[in-house]
Amino acid sequence: IENFLIALENLIAAKGIGSEIKLTFVSESVEMWRERLSVPPFDKNVSVLGFRPHKEAVAMMTQADVLLLLVPSGSEVMRDRVIAGRTFEYMRSARPILMSGWEGESSRILSAGGTLTFVPHDDIKKIEHVILECHRRKMAGELVANPNWEFVRQFDRKLQTGRLAGLMDSLIKR
């Protein structure tokens, strides 16, 4: 998150769109950043709402211009095997997703879902560029996502539950 915040701070300080960038964190994981984000230069651009019930959080996702997924560092083994929370909800929201972090299982899934823009966590200039591009596309009315619904639907909870029930039935019949 540190490099993302540096990029955001650079954009806020720059003349032009800095004041137009608004970011809302809906997550317990950013609570440790609340104090830093509540003072200049972030205080007018960033809100930290913390935890929200699932239904409310999903409703907020569908209203967002872009969803942000910050993936912390970790061992390469963990990055390749752990899927970040909200990955599937983000995909189903049909909103553009900006992911900053490490490539791994989450980025592969979201990329196949068709709505991901991935930025390496350590490339501050690229993070700035992608945020500016999202802003440009929004202002031009071009900020849309085109999900690969065939891919996304395979992760539907009801479908997954049906598959699990079928697997359990086949095991019981043995």
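Above this text sits the structure in question.
Residues numbered from 1 in each chain as written. Predicted model: local features only at pLDDT ≥ 70, side-chain atom pairs only at ≥ 80, totals over all residues. Heavy atoms only, no water.

Asks: So what about a nonpolar patch on the surface? Which residues, and what values?
Replies: Residues Leu164, Leu167, Met168, Leu171 and Ile172 make up a contiguous nonpolar surface patch of roughly 520 Å² in combined accessible area. Position of Ile172 among the secondary structure elements: in helix α9 (residues 157–172). For Ile172, a relative accessible area of 68% gives the class exposed. (Patch = residues over 30% accessible without salt bridge, like charges linked within 9 Å, V, L, I, M, F, W, Y side chains within 5 Å. Areas by Shrake-Rupley, 256 points an atom, 1.4 Å probe, with all protein chains shown as cover. Salt bridge = Lys/Arg side-chain N within 4 Å of Asp/Glu carboxyl O. Helix = DSSP H or I, 4+ residues; strand = E, 2+ residues; numbered from the N terminus. Buried < 20%, exposed > 50% of the residue type's maximum accessible area, 1.4 Å probe, protein only.)

Asks: Talk me through helix α7 (residues 124–139); I want residue IDs and the actual numbers.
Replies: When the terminal C-alpha atoms of α7 are compared, their 23 Å separation across 16 residues agrees well with the 22 Å that a helix rising 1.5 Å per residue should span. Where α7 is concerned, the buried positions are Ile127, Glu128, Val130, Ile131, Cys134 and His135. Here the buried residues of α7 occupy an arc of 165° about the axis, which is enough to place them on one side. One or two positions beyond α7, positive phi appears at Gly141, with a value near 75°. (Expected span 1.5 Å × (residues − 1). Arc of directions from axis to C-beta.)

Asks: Which residues make up the environment of Thr62, and what values do they have?
Replies: Within the secondary structure layout, Thr62 lies in helix α3 (residues 54–63). Along the primary structure Thr62 and Arg36 are separated by 26 residues, whereas in three dimensions their C-alpha atoms are 27 Å apart.

Asks: Describe the pairing of strand β5 (residues 116–120), and please don't skip the residues or the numbers.
Replies: The sheet contact formed by strand β4 (residues 97–101) and β5 spans five bridges and is parallel. In the sheet register, Ile97 faces β5, and the bridge partner there is Leu116. For the crossover that starts at β4, traverses helix α6 (residues 105–113) and ends in the parallel β5, the hand is right-handed. (Pairing = 2+ DSSP bridges. Right-handed = clockwise from strand over helix to strand, strands pointing away.)

Asks: How would you summarise the pattern of salt bridges if you had to cite specific residues and measurements?
Replies: The tally for this structure, following the rule as stated, stands at 10 salt bridges. For Arg108, the salt bridge goes to Glu105, with nearest N and O atoms at 3.3 Å. With Arg108 and Glu105 both in helix α6 and three residues apart, the pair spans about one turn of that helix. Look at Arg108 and you get partly exposed, because its relative accessible area is 42%. Among the residues examined, Glu105 registers a relative accessible area of 26% and is labelled partly exposed.

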